[in-house]
Structure formats: structure tokens, C-alpha cells
Amino acid sequence: MAKNSAGETPEQSEFRAHCREWLKKNVPAPPAFKMPATSGGILSLEQLEYARSWQLSAYNAGLIGCDYPSEYGGGGRSNCQAIANQEMRNARTPVLAGMVGLQIVAGSMCIHGSEAVKRRFLGSIFSAQELWCQGFSEPCAGSDLASLQTFAQRKGDRWIINGHKVWTSMAQFADWMLLAARTDKHEKYKGLTVFVVPVKAELDKSVTVRPLVKITGDAEFNEVRLDNLEIEDSYRVGEIGEGWNVISTTLAHERGAGFYIEPLSGGQGLQSKSQKAEKIYPLVELARNSVKNGKPVSEDPVLMDRLMKMLTRSQGIRQMRRMRSVKDLAGNPARFAMQDKVVAADYLQQMSALAMEIQGCGSTLATSDPNAPDGGRWSRSYLDSFGATIAGGTNEIQRNIIGEKILGLAKTK
Amino acid sequence: MAKNSAGETPEQSEFRAHCREWLKKNVPAPPAFKMPATSGGILSLEQLEYARSWQLSAYNAGLIGCDYPSEYGGGGRSNCQAIANQEMRNARTPVLAGMVGLQIVAGSMCIHGSEAVKRRFLGSIFSAQELWCQGFSEPCAGSDLASLQTFAQRKGDRWIINGHKVWTSMAQFADWMLLAARTDKHEKYKGLTVFVVPVKAELDKSVTVRPLVKITGDAEFNEVRLDNLEIEDSYRVGEIGEGWNVISTTLAHERGAGFYIEPLSGGQGLQSKSQKAEKIYPLVELARNSVKNGKPVSEDPVLMDRLMKMLTRSQGIRQMRRMRSVKDLAGNPARFAMQDKVVAADYLQQMSALAMEIQGCGSTLATSDPNAPDGGRWSRSYLDSFGATIAGGTNEIQRNIIGEKILGLAKTK
Amino acid sequence: MVQPRNFGFGEDEKALKEVAHAFFRDKFPTDRLHRLVASNWKQEQESECYWDRSLWQEIVELGWLTIAVPERLGGAGMSTVAVAGLIEEAGRAALPSPLISTLSACYILDACATEGADLALALVVDGKTFSFASGDRYGSWENETCDISVSDGVLNGTAWFVQEARKADYFLVKAKSELGLGLYVMPANTPGVNICADKIIDLTRDQAHIVFDNVRYDDVQVVAAPGEAVAALQSATPAMLTILSADMCGAAEWQLQTTVEYARSRVQFDRPIGFFQAVKHPLVDFMTEIDQSRALTYNAACAIDHEPEMAEQFARMAKAAATDAVGYGSRISVQLHGGIGFTWECFVHLYMKRQLHSQFILGDAAYQRAKLGALVLA
Amino acid sequence: MVQPRNFGFGEDEKALKEVAHAFFRDKFPTDRLHRLVASNWKQEQESECYWDRSLWQEIVELGWLTIAVPERLGGAGMSTVAVAGLIEEAGRAALPSPLISTLSACYILDACATEGADLALALVVDGKTFSFASGDRYGSWENETCDISVSDGVLNGTAWFVQEARKADYFLVKAKSELGLGLYVMPANTPGVNICADKIIDLTRDQAHIVFDNVRYDDVQVVAAPGEAVAALQSATPAMLTILSADMCGAAEWQLQTTVEYARSRVQFDRPIGFFQAVKHPLVDFMTEIDQSRALTYNAACAIDHEPEMAEQFARMAKAAATDAVGYGSRISVQLHGGIGFTWECFVHLYMKRQLHSQFILGDAAYQRAKLGALVLA
């Protein structure tokens, strides 16, 4: 296909122009109330409605689900979601309410779901008419996800489900859950099956949602108990016993290494006009404005050395993401895709730790303290960064997977 | 037992006085030729004879083998070797020729050897009348030492031995080797047996010694091939099939965590009057005397920060060794003993790397270059440091052992 | 060697440490700490000041508050090594208390060697608690920086980052005048002394900035005359660094043992996770760092007692090593606990937050190394 | 974005890199390198200068020496991204050659934009090799430091740490006069130019200090007049840093793949050692560092071609990242090979030594970051 100087097909160029045009007119002003930086941080209904109505509007303009088949409510385009993402990022659009559905559910549902499931659910995921949560982790199944114990008992054309899920963000708002359950107690990996189960409709009946408090004191996650929840077999995603496949596809999408590129929230709530990797630039500002032990931090060579290390890393991550799309240079693109989460999570943690050191004693102050430098965001972000290094597969497990899948090393197990 | 203010028994105080007195008069002047810093670096016969005659003289004065039973040629004292070591270190005594025998062989021979073996060999180890090498590692048995393949075939009251040993320092000078061999091919750990085998007497007959060149270009090690070497069963150390026990005792002594404290070379060949851990002070000197990118290194805060980190670590190791002997503070003394090798090896490597950075471009120069700063010793010592992190059990394996033995974690295997 | 080889850790020191160990183990186990400081998880509690006053009363009655007060003033006058041993045990329990702040004040007061200082030390013997009020707006640990000024017998200004401020009966206030820095003892309830609680992350401490608004004082409250404070502070700095390091080492050992216990019991992939080197090796590394930090801490304490010319160097090494050790160890203690470590209900975050706080108080690792470098090169 | 998203890595760049990859794979496998530079292990060889001149002749005939020479002077005039791609492949082979030194000189000469510089570039087109002679006694990379002075048409002094000195036909000499720094082209065989070989650790390079003893020159040899050199050097610095980084990335990938291969085949405890996380995780970390360094290197190359105002920042990032990556990677490549990695016969030490050399040339990581900090805060 002919490509222009930026390496884009005519379809892509045209789509980019459309996005830019539409965004110029349709990005809403930030609301009067505070919005979180990610959909996981949505706690109130007014936040939810704001994020939801933005997603619907962006979906109607064709910026969400661009690369999914049109028969399921997608845009039917090819390699356009990344373009919409760039433009949404540049336009600093609001958080998308249905990120769990978009990032975690849609990709594997489209790959493994039945025709009926895809027609029933995908469109409402894109439009945020229905919200989703993910039901994989359990208290005893963290890194070793396949040891999960939630059990689905077959009963004719129905399944009766009992179990206990944790780390379920958005469960308090979700209409549906993508649930991984055991259907065979004798086979570890081959005894799993994935289902779509109702949450909101069953709330306080066969489904109980309870907030789970994080290390920061925030309740962004939930635990969900399922007691004799009954669903029809048509709500199954993939074959019986093939759940591990579905889970793997889902996790790959969650880690940004899946087949579909998920839409990105635009960072309206972020302080800088940037992706995570660029958050370093506020750190340069912080260094400029901070005084430590009687001298400006920008004149402290030891801290400046470490800051430049972080700046280099930030730019390295950014350029790695760029190189990932340049096939002739990237070699195996999976190599780039699979390391992204590990590298970005470690970076976020180290950068936050450095920011705390720049602030010195100021880092003892919580976000609620009016004297906290930079609003206390860096200490908070350090504590929060363990979400990134633990959730969605710990960095330790990720390194195993990369070593095995990319470098071909023997399996650690 | 009554102790004086330094925590010493009367026997210890008296012994310390004796050492000090004797050393004052009997430490020989450094020879005209260059001596290596460790016995493993002895390459010429004149070096060997110098180190050998010093050891004999120190042994005759009672400073070597102090804590071994007197019936085997030891000093019959209790907890006195450490005192002799301190005094020898302070007196900057020469290298001891028979370090392999003293450090590696004597302890486990005394614990596991037959009465005949102990009477035959221990005294000549202490006096350096006979020199030793260690025959454990093989090309395919490094970290996994118990997978060694050298085979000893029983034939009446004799054994016929075939195999290939590597990393055998001092083999070119050794009279004897402490050999680990397989006596049962069906049992991994329980199929091993340890023997004393002749080297010098069988050289170029059933024993072949060939130098093994290190990463630095030096040939401090050897490989040793055994072809139908025959020995009597009385040369066995420990029971048949109990070799792994003997090996473990030996390795513990090699790592400084054994029952017996081995004598120390006194550091006459070292540039500073100090143990390894104190080598940092020359680094402070180096920093004072180095110029990098147009300014003195002592005015470079980034390098000074790292230098102070090393200085702190050096002092930390030193104080840890001190605390190890203070039972009420140390808790489990094995915890201190077992980590010493790992920590010291990592430290040596990191310190050398820092010295290279202090020297900058000068670190490209080899020891043979007359312009090399500090004689090129730091780049050399960096390369050599992999001996410390690999030999005698890699640091990776050491960390396993510590985690399992001290912290009680599950075995990694 | 000037120092006794055994750090001066004799029978008295041993007995004190053993008693303290048993006391905290029995009377203040971690679940009690969690109930005390973390049972309510609302953000507002960040400005709360939870401590167990009856437990504190027992500690006072055990005489631990006075161990650094000279015998001639009625204190126990124990060695710094003994103090380090006690504080190591308190740190293991992450005890919310004004113990460290009061002992630190004792070292400063003792270095002042004035009549006023002796009177203040007598208050400690009476069970009164102290905190040193000296930080500037930016949390500087330089002796010279100060946001409080004194003139005409009146103090004005603000002391920032004052530790355990709401647990202190008295403040030891650093203030500047034209003649230099002086130190003043000030009852916490003096009119014009406004304690403004900070909202902090560490749930086991409290911290405040204290606004002095035309606060008058008597001559007897002057424990170091203008120009005399810096020498006293310099002399007390090694002890302040050393006891904080001891607290960090004790808390670090708790972090290590708790995480080791988890790694022994948590099963994933059909194995206790301690099987995996990605779990095992970091724990071993943390252990080696703790042991070096502890050894450096006792070495510093022993130097204060026996080799004062080396005390500052050794104390800066101890604080630098402890700060790096607990930075690393806090991270892995949460990380290796996995999902549960990221929750409020798990105990490890209490220690991580305490250690984060300790890392910054009295200056972080790079700060100690910069000071050390100046001393070594001097 | 000013830069093309694909780094400007188009068909020509791709073709060149692929040809180079196959060329080095087929003609200069590592066993051949080992035979060439390490078959004799005596210390004396540290001053030897082994290179394969017939292989070099093939490289010259392929035109790779001229890829950075402008087309108007008969060169290939390719993009810096193309140059980076070529050097990455040469680095993977750890090629002993004056390729980097000559290409670096081309960038400096091109920036001089003088008649003399054009004549010198024409020499490159004729297959002549160059090296930049500029270092001071302490190996400073500051443009301002210089131990060679020029007066009355005569050069005197010493250039230190000159790369590939015995493989160079010409030196590009930096010298100072009252009017400032100038650059001079000097045939290696000029009387009074004394090449004193250094004994170095890296077996794949040669290095010398060059003593200039009353060396005369013609006007045409002046490629940058006194006072003009600093601007030219500043302009060429990003390219010099970038191609060295490319070499380091290529060599690093060899280190990674070779160690991965060993971890897949070496069996201990009945398992390929790659099973163990203490082997697996460091390899993964090294991979991520290589990939960031490579991405930064191509980003810097692309900036030189398209976004020159950012070129120095990006090039310093690339060299800093590559230096840290290969420091780590060299260490683990030897460590994870265990005993065999500590021997002369194993290939990994050749790469470790080359990387150690590269880490220091043009300034180490901390130096790059200090420069970067000044640029960012400016």
C-alpha cells in the first residue's frame, strides 16, 4: 500500500485529519469537580457520568474501537486506533469510563467469543453503555493465576458459580464481569473456562461487592463474592476447558501486547500534556523549584545525575515505543511489546522515589497536607507504583514470561 | 572462663603477646623479586621458596595451625588462630605458600579423615613441607558440583581413577590433591567419595597438569587430567559414598564459614597495611590524585558520593566481621559467616569498577603500560574480581545457600 | 584499637536489650500496632496522633527515658551502645512514642553543659518528654539554617518538621540572634506556642510545624546561649544519627522476618515462593544490608562512647547504610507480598511508611555521604 | 514531530544494514576474531595491533568508508541513521578497524566546511583512514583541554588516547594557539610525528599517544583555523557519540545472544541454567537496557539528520544509556558463563574488554549526564 512521508496509508492520513478536526470542536472542558487520572480512580457517580458521556461521544465520532469489525459495532478500519490515541492524547481528552471493557475484555472477546456474545456485548463496551470488570485474581491465585478456585458447576444448560475474586476495579459500577472459573478440579490449566457474568443485576443477590483498601488508603479496588450465581451456557467465552487461552489473550491485551490496540485516555486529568513516560519533565521543574539543605536542587550534582538518568530512561521508553512500530529496526516486535509493562512500572517507581528524595523532608507529608510540596503527589505516586509492579502479573512473573517467550530460556516452574 | 577487658582469656592474652614478640623479630624483609598478593599468584620457584620458608618459620613459632590438636602437629590451643591472624596482618607478614592446604584441606581432613590420614598429612600441611591442590570442579560440574564425573573404580584394596579437573590452583607445585570422585553412577549426592591423591609423584605419568589462562591473561589455574591413577583405599577421606559431606565441610572452610579458622597471609605484598575491606583507602588517595575532565576527582560530587558509598560498605564489612565474634549482638553467627564471601566479592567488583571510573580513560591501559594510573591495578582487579564472584561457588549459588540455611526458604532446585 | 572489640556490649547492655525485646514482643505485637494506628483508614487520620499512653507509662517506669541522662542528675547514665540496643528493639515494634525525640534532646542537653540544661535533664528524670524544634521550611539539617529568631527575650518564627510534637511536654528550640544560634527549653503549653499538626504518611509518628508568636522566656530556659548552640549540636549529632539508625535497623529486621515468613508459607505454582530466586535473592541481599547497617550502628555507638573523634564519620556511615538498606528492604517487603502487600490490612505498609519517614529525618543517604566526604577529605 | 516517526530508516538504510549484517556474519565470525586477536595470550600482546587488512580492503571497496562523506565530494552522503545501522553491525562483530575513527573524522571535517577539510574528505574517498588526535594527559573530553600547542607554523605537544592510531593514515590534530583551538590534518608518517603505542586491555582496538615534535604544516593542512575548531567539534559531537553508541549496542546484542545461548544449553542441577531466575532475570534486564539504548541511538541519529537542535541532548542520552547497559551486560555475560567465562579461551572477555574501552571513550555515563543536565536546565 502506498504510504506518505510519515509512513501512513491514505486511510490513516484521512482518519488522522478527521480525528484532529473533530477533537478540535468536541473535547469538553474539564468539569468543576476533580477527575482522576485513570478510570480506576473514578469513585463518584458524577465522575462516572462525565467519563461515560465523553466515551459515548468519542465512540460516535469513530475514535473508539476503530480497528474492530463493524458488524460488532467497531469502526472496521485497519491500524487506526493508534492514530486516534495520538490525537486524543494531544488533545488532552478526558478519561474513558469503560477502560476495563476496552482494554481487558474487548480484545479477547472478539477473538474467542461466540458470534452471539460479540454481537450482544462489544458495541456497548465501545460506547460505555455497559461497564465491565475483570474477575481473574483470587486470594490464593495471584502470580499463579491458573490455581484459581472459583468453581462453575454445570447443570444442564446452565452454570452455578461460587467463588471469591479480588483486585476487581470498577466492580462497584460494573454491569458485567469477565470471569475465569474452574470447571474441572483435576486439571490445572485445562480445567479453566471463561464466562460473562452479570454484576449489577445480581448485586446483593448472588453477587457481593466490598471495597478493598489500598496501601494509600484509597478504595479503588473491590473484592467480589459469588454465591450460587446462575448463568446460561451461552454466556461462555471460548470452549469449556479452554479458559487459559482466553486468559492469556486477555492478559496480553492488559499488558499492551495483544492483537488489538486499546484506546487511551487522553490525560485531561494529568498535570502535563504527556504519556506516563514523559512525567519526568515535571521532575525537572520540581528540581528547579526545590531547595534542599540550603541549596537549590538544580545545583546538587548528585541529584541532577540521578534526574538525568531518569530523563534518559523516560526518553528511552518513549523511543522504544516508537521503534516498536518500525519493523525493520525492531526485529521481533513482541520483544518490545512484552517488556513495556515491566520497564514502565519500574520507571514509575524509581522516578517517584527520586522525586521524594528531591523533596527531602517534604516527602513525609501526605496529599491532604496543605504544605506538601507538589501537593504530595510524589510520595503518593511512589506508594501507588506498587500497583504497577504487582498488578496484572508481578514484574517478577513478567520477567519470567519475557525470558521464556522472547529469549527462549527454560520455564521457571 | 575469666576474660580481660578486651574479652580475651589469659591463654589468648599470653599467646597474643608471644605472637607480637616473635613477629617483631622474625618477619623477613620483602624479597628483591615481586611477590604476589595471594598464594594463588605464585608463579615462580623463587616466589614459592620464599613463601614456603616463611610458613615453616611461622609454624615453628606456633602461629600456624594453632587450634588443631597437637597430636596432628597443631598447636593444641583454643581460639588462638584468629589472634595469630590479627598479629600477622598487623605485622605485614609474607604470603603463606600452603594456603590451599591450610584453608581448604586441613579443616575437613581433621574432621573427616582417618587417624592414619591425619597423622600422615596434617603436620606437613601446616609446615608447608608438602603443598596441596583441590580437585573438585570439572568442566560440567561447576555450580552443580555434585554432578562431577571423575570416576574412582574399586579394585580390591585399591582405586583406579579417571577424570578431568579444572580451576586447580597450585597444581603445578602441589604434592597432593584432595580429590572428589564418583564411586557410584546411580546416586548423585550419595555416590561421591573423597580421596587424597598424589600429584607431583605421578606428574606426566597418570597425572597431567596444564595451565588454564584467566581472563586477565595470567595462568594462575590449571586443568588436571587423571588417567588410570591408582591409589590405596587408605587414602580415602571419610566413608565411601559420604563424599558430599566432606565436600560441604571443605567448602564451608573455603568460604570462611567452617569450624576451623584458617591462617591468613599477612599482606606483605599488598600496597596498604590492611585487609581487603580496607583497600578503599587507596581509592580515597586515588580520588585525591586524579583529574577527570579538567577537574580534580575529589571535587566531583557524583564520584565522591559513590566513593563514600564504597567507604561505607568497606567499613560495614569490617564491622560485620567484628560483630560476628560478639555473640550477644550477632544472634546466629552463621548468618554473618555465610554472607561474608558474597558481600566481599561484590564489594571488590564494585570498588574496582568505581576506581576505573575515577581513572576514566586511564582505565583502558593495561598493567604493562608505563602510563597506566596506579600501575593499572584497578582494571586488572576488576577483571580478576570475577574470580571472587564465580570461584568457590558463584555468588548466585551462595545466595541460594544463605537463603535456605539462614532464612529457611525452600530449596531452589 | 581504641574501641573495645565487643563494642562495649557487656552484661548491662545485654540485659537491657533482652528485657526490651520481651517487653515489646509481649506488650506491643504488630496486630496491636495495626489496631492502634490503622483501624480507621480515612485520609483524615493522617493528622491523628495515636499512641498508647499506658504502655508509655510502663516504659517511663522502667526508666528507659532516662538511660541517656547522666547519673549525677539521677539518670541511668548508660552507654550509647545500650541506648542503641534499646532503640533497636523499639524500632522492631515500630513503637509510636516520644522515646527517640526525648533521648535525642538528652544528648543535646548533655552537650550544652549549662545549668539550664541540667534542669531540663532533671525534667526527663521526672518523666517529661522532649522534642527538638529546629527545621527550616525546606527541612534542612544544616545546623546553620533556622527560621526562628530571638530578640529582646522574645522568640518569633516557625520550626518545621518537629518530630512527635504532640507527644512532647517540652520543646528544645533552636533560634538565631545577632550573636549566633542559641537553644531554649519551652513547655509545649506556653502561650504563643502554636503546634500545627502536619498530615503525614507515617502512621506511627506525629509531626508538626510549630509557630512561635512573641514567646517570652526566662533566663533559666536558655540552655545554650547565643553562639553556643552549634558546638553542642555538633557534639550530639552522632548520637542522634545513631539512635535513629538503630530504630531503622530494628524495623528492618521486622520487615525481613515478616517477608521471609510469607515467602515460606505462601504457595504459588505448587511451591513456597521462597523457592524462586527472584524472591530468595532479594531477601538475602536485604539481610546483608541490615547486618552491615547494624554493625555500623553499633560501631558508631561505640565510637561515641570510646572514640569520639571518629564518631561523626561512623554515625554518618550508619545512617547512610541504614537509609539505603531500608529503602531497598521496604520496597521488596511490599513487592514480595504481592497483591496482599498492596493492601491496607497487611502490616507491611506500616513499616514501609515509618522507614520512609526515617529515611528523610536527619538527612537522607546522599546527604550523609556528602558530609562524610567532607570529613574524610578534610 | 520534526523527526519522521520511522527514524528515517528507509529502504536504503535497511539494505545497507542487511548487507553489513550478512558480511560480518559470514566473513568475520567470532572464532575468527578470537584467532586474530587472542590466539597468543602473553601480556606483551597488549601493545599489538591486530586487524585483518584484506577484510578491511573489502570494506573499503564496499564504499562503507565514505558513507558519511557528502555526495558533492564523491562520498555516499548517507543519513546518520544509515551510519548507525552499519556501525551497529560492525560492533556486533567487534571489528578491529579504523571505521569508527574515520567516520568520526568525516563528521568533524564536514562541520569545518573549509577547503582543507574538503581535501581531507577527498582522501577518505580515496580509501585513506583517519583518527582524531585531541585527548589530554588525563583523557579529558572537554573541547577546551589540549596538550598540543601551535606557534610559528609548528606543532608541539602530545595527543593522548588516540584511537586506532596505528590503523590511521592521517591524524586530525587539535592544537591551541593564542587565537584559540584549530584543527590540522597530518599524515601519520610526517617526520616528528611519533606514535607511541599504548598497552591496552581491549584486544580489538589499538590506542596510542602521539608526540608532536616540531612538526611543520602547510596552510592546506589547516582545516579549522585557530578559534574555529570548537564550533566544528561541537557540531560533530552528537554524531561521534551516536556512532560509538551504535557500536556498543551491536556488541551488547552479541553479548546478550551469546549468553542466552549458553543459558539454554548449559545444564546444571539437571536443568538448563536459564531455568533459574538468577540467570533469567538479569538477561531480561540486559535486553531491556539494550533496547532502550538502541532506540535512543537511532533517535539521536535521526535528530542529527532532522532535528539538529535536539541532537546533542539525544546523543548524550544514547551514550549514557549505552554505557550503563554495557557495563551491566558485560558483567553478567562473564558472570553467567561461570568458570568458563573467566577463561581466556571463552569469547565473552573480548567483548567485555571492548565495551569497557567504549565506556570511557568520549566520556562515561556520568559525564554525559552532567552535560545533559546543563543542556536541560539551560
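Cut-off values and rules
Residues numbered from 1 in each chain as written. Chains lettered and ligands numbered in written order. Predicted model: local features only at pLDDT ≥ 70, side-chain atom pairs only at ≥ 80, totals over all residues. Heavy atoms only, no water. Helix = DSSP H or I, 4+ residues; strand = E, 2+ residues; numbered from the N terminus. Buried < 20%, exposed > 50% of the residue type's maximum accessible area, 1.4 Å probe, protein only. Contact = heavy atoms within 4.5 Å. Lys, Arg positive; Asp, Glu negative; His and termini not counted. Charge placed at Lys NZ, Arg CZ, Asp CG, Glu CD. Domains from an automatic or database assignment. Buried area = accessible area lost by both parts, 1.4 Å probe. Salt bridge = Lys/Arg side-chain N within 4 Å of Asp/Glu carboxyl O. Polar contact = N/O pair within 3.5 Å; in protein donor to acceptor, adjacent residues only side chain to side chain. Nonpolar A, V, L, I, M, F, W, Y, C, P; charged D, E, K, R; others polar. pLDDT = per-residue confidence, 0-100. Phe/Tyr/Trp six-rings, centres within 6.5 Å; stacked < 30°, edge-to-face > 60°. Lys NZ or Arg CZ within 6 Å of the ring centre and 35° of its normal. Expected span 1.5 Å × (residues − 1). Axes fitted to C-alpha atoms, helices over the stretch in contact; angles between N-to-C directions. Parallel < 35°, antiparallel > 145°, perpendicular 65-115°, else oblique. Left-handed = near helix turned anticlockwise from the far one by under 90°. Pairing = 2+ DSSP bridges. 1 Å grid on protein atoms, 1.4 Å probe; cavity = no way out; pocket = protein on both sides within 12 Å on 5 of 7 lines; lining within 4 Å. Points joined across faces, edges and corners; volume = space filled by probe spheres on them. Core = buried A, V, L, I, M, F, W, Y, C linked by side-chain atoms within 4.5 Å. Disulfide = S-S within 2.5 Å.

**A closer look at the overall build of chain A**
In terms of regular secondary structure, chain A is built from twelve helices and ten strands. Along the first, second and third principal axes, the C-alpha atoms of chain A reach 75 × 50 × 50 Å. Looking at chain A as a whole, 61% of its 413 residues qualify as buried. Considering only intrachain contacts with a sequence separation of at least 6, the fraction spanning at least 24 residues in chain A is 69%. If the 50 positive side-chain charges of chain A are averaged to one point and the 44 negative ones to another, these points end up 4 Å apart.

**Observations concerning the domain arrangement of chain A**
By domain assignment, chain A separates into domain 1 (11–98 + 105–129), domain 2 (133–250) and domain 3 (274–406). On a C-alpha basis, the centres of domain 1 of chain A and domain 3 of chain A stand 27 Å from each other.

**Quick word on the interface of chain C and chain A**
Across the contact, 47 residues belong to chain C and 53 residues belong to chain A. Taking both sides of the interface into account, the surface hidden between chain C and chain A amounts to around 4,200 Å²; carbon and sulfur atoms contribute 64%. For chain C, the biggest contributors to the area lost against chain A are F269, Q335 and F342 of chain C; these three give 21% of the whole. D364 of chain C is paired through a salt bridge with K292 of chain A; the nearest N and O atoms lie 2.5 Å apart. Between chain C and chain A we count 17 residue pairs in polar contact (both at pLDDT 80 or more) in total. The leading source of residues in the side of chain C that touches chain A is helix α11 (residues 348–360) of chain C, at six residues. For the side of chain C that touches chain A, the residue count by class is 22 nonpolar, 13 polar and twelve charged.

**Focus on the confidence of the model for chain C**
Taken residue by residue, chain C gives an average pLDDT of 95. The fraction at 70 or more is 98%. Across the whole predicted complex the pTM is 0.92, and at the interface the ipTM reaches 0.93.

**Quick look at the pattern of salt bridges**
All names here are of chain B. Under the definition given, this model contains 99 salt bridges over all chains. A salt bridge links D175 to K200; the nearest nitrogen and oxygen atoms lie 3.9 Å apart. Of this pair, D175 sits in the loop between β3 (158–165) and β4 (176–182) while K200 sits in the loop between β5 (192–198) and β6 (207–212), and the two are 25 residues apart along the sequence. Judged by its relative accessible area of 42%, K200 falls in the partly exposed class.

**Notes on the packing of aromatic side chains**
Under the criterion given, the structure shown has 54 aromatic pairs over all chains. With 5.4 Å between their ring centres and 85° between their planes, F121 of chain B and W132 of chain B make a pair best called edge-to-face. Highlighted residues: F121 of chain B in helix α5 (residues 115–127) and W132 of chain B in strand β1 (residues 132–135), separated in sequence by eleven residues. Neither residue differs from the other here; F121 of chain B and W132 of chain B are each classed as buried. Plain terms: the ring middles of F121 of chain B and Y235 of chain B are 6.2 Å apart, the flat faces sit at 80° to each other, and that makes the pair edge-to-face. With F121 of chain B in helix α5 and Y235 of chain B in the loop between β7 (221–232) and β8 (236–237), this pair connects stretches of sequence that are 114 residues apart. Judged by its relative accessible area of 2%, F121 of chain B is buried. What links up through ring pairs into an aromatic cluster is the set Y59, Y68, F126, F259 and Y260 of chain A. The positively charged end of K185 of chain B is found above the aromatic ring belonging to F151 of chain B, 4.5 Å away from the centroid.

**Observations regarding helix α2 (residues 45–60) of chain A**
Residue and element names in this part refer to chain A. Here α2 contains 16 residues, and its C-alpha end-to-end distance of 22 Å stays within 8% of the 22 Å for a straight helix at 1.5 Å per residue. All buried positions along α2 are accounted for by Q47, L48, Y50, A51, R52, W54, Q55, A58 and Y59. Check the buried side of α2 and you find it contacts α1 (10–26), α3 (81–90), α4 (99–112) and α5 (115–127). Looking one or two residues past α2, G62 carries a phi angle of roughly 90°, positive in sign.

**As for the packing of helix α5 (residues 99–112) of chain C against helix α7 (residues 229–265) of chain C**
Residue and element names in this part refer to chain C. Their axes nearest at 8 Å, the elements α5 and α7 cross at an angle of 155°. If you check the angle between α5 and α7, you find them roughly antiparallel. In this structure, α5 crosses over α7, and the sense of that crossing is right-handed. Across the interface between the two elements, I100, L103, S104, Y107, I108, A111 and C112 of α5 pack against A232, L233, S235, A236, A239, M240, I243 and D247 of α7. Looking at the contact of α5 with α7, its residues break down into twelve nonpolar, two polar and one charged.

**Examining the domain arrangement of chain C**
All names here are of chain C. Domain boundaries in chain C define domain 1 (5–125), domain 2 (130–228) and domain 3 (230–377). A separation of 21 Å is found between the C-alpha centroids of domain 1 and domain 2. Contacts between the two partners involve 28 residues from domain 1 and, on the opposite side, 22 residues from domain 2. Of the roughly 2,000 Å² buried between domain 1 and domain 2, counting both surfaces, carbon and sulfur atoms make up 70%. Inspection of the region where domain 1 meets domain 2 yields zero salt bridges. Taken together, domain 1 and domain 2 are joined by three residue pairs in polar contact (both at pLDDT 80 or more). Contributions of two or more residues to the side of domain 1 that touches domain 2 are made by α2 (30–38), α5 and α6 (115–125). Of the residues contributing to the side of domain 1 that touches domain 2, the split by class is 19 nonpolar, seven polar and two charged.

**Some remarks on the pairing of β3 of chain B**
Residue and element names in this part refer to chain B. Two elements, strand β2 (residues 151–155) and β3, share five bridges in a ladder whose sense is antiparallel. Bridge assignment links Q153 to a residue of β3, and that residue is I160. Between β2 and β3, which pair antiparallel in sequence order, lie two residues; one of them, G156, sits at a positive phi of approximately 65°. Where β3 and β7 come together, seven bridges link them in antiparallel fashion. In the sheet register, G163 faces β7, and the bridge partner there is L226.

**A few points about empty space enclosed by the protein**
Residues and elements named next belong to chain D. Each pocket or cavity is described by its volume, and for the second largest cavity that value is around 350 Å³. If you trace the second largest cavity, you find 25 residues lining it, with I100, S101, S104, Q163 and I361 closest to the centre. Mapped by element, the contributors of at least two residues to the lining of the second largest cavity are α4 (80–92), α5 (99–112), β1 (130–133), β3 (154–163), α7 (229–265) and α11 (348–360). Sort the elements by how many residues they give to the lining of the second largest cavity and α5 lands first, with four residues.

**Comments concerning the nonpolar core**
The biggest cluster of nonpolar side chains holds 376 residues, and the ones touching the most others in it are L155 of chain C together with L155 of chain D. Those residues in contact with L155 of chain C that lie beyond four places of it in its chain are I148, S149, V150, V173, A175, Y184, M186, F212, D213, N214, V215 and Y217 of chain C. The next biggest cluster of nonpolar side chains, apart from the first, holds 59 residues, and it includes M35, V95, I104 and M170 of chain A.

**Considerations on the state of the cysteines**
Scanning all chains against the criterion turns up zero disulfides over all chains. Cysteine C140 of chain B is unpaired, with the sulfur of C346 of chain D as its nearest cysteine sulfur at 14 Å. On the basis of relative accessible area, C140 of chain B is assigned to the exposed category, the value being 56%. We note that C146 of chain C lacks a disulfide partner, and the nearest cysteine sulfur, in C112 of chain C, lies 14 Å from it.

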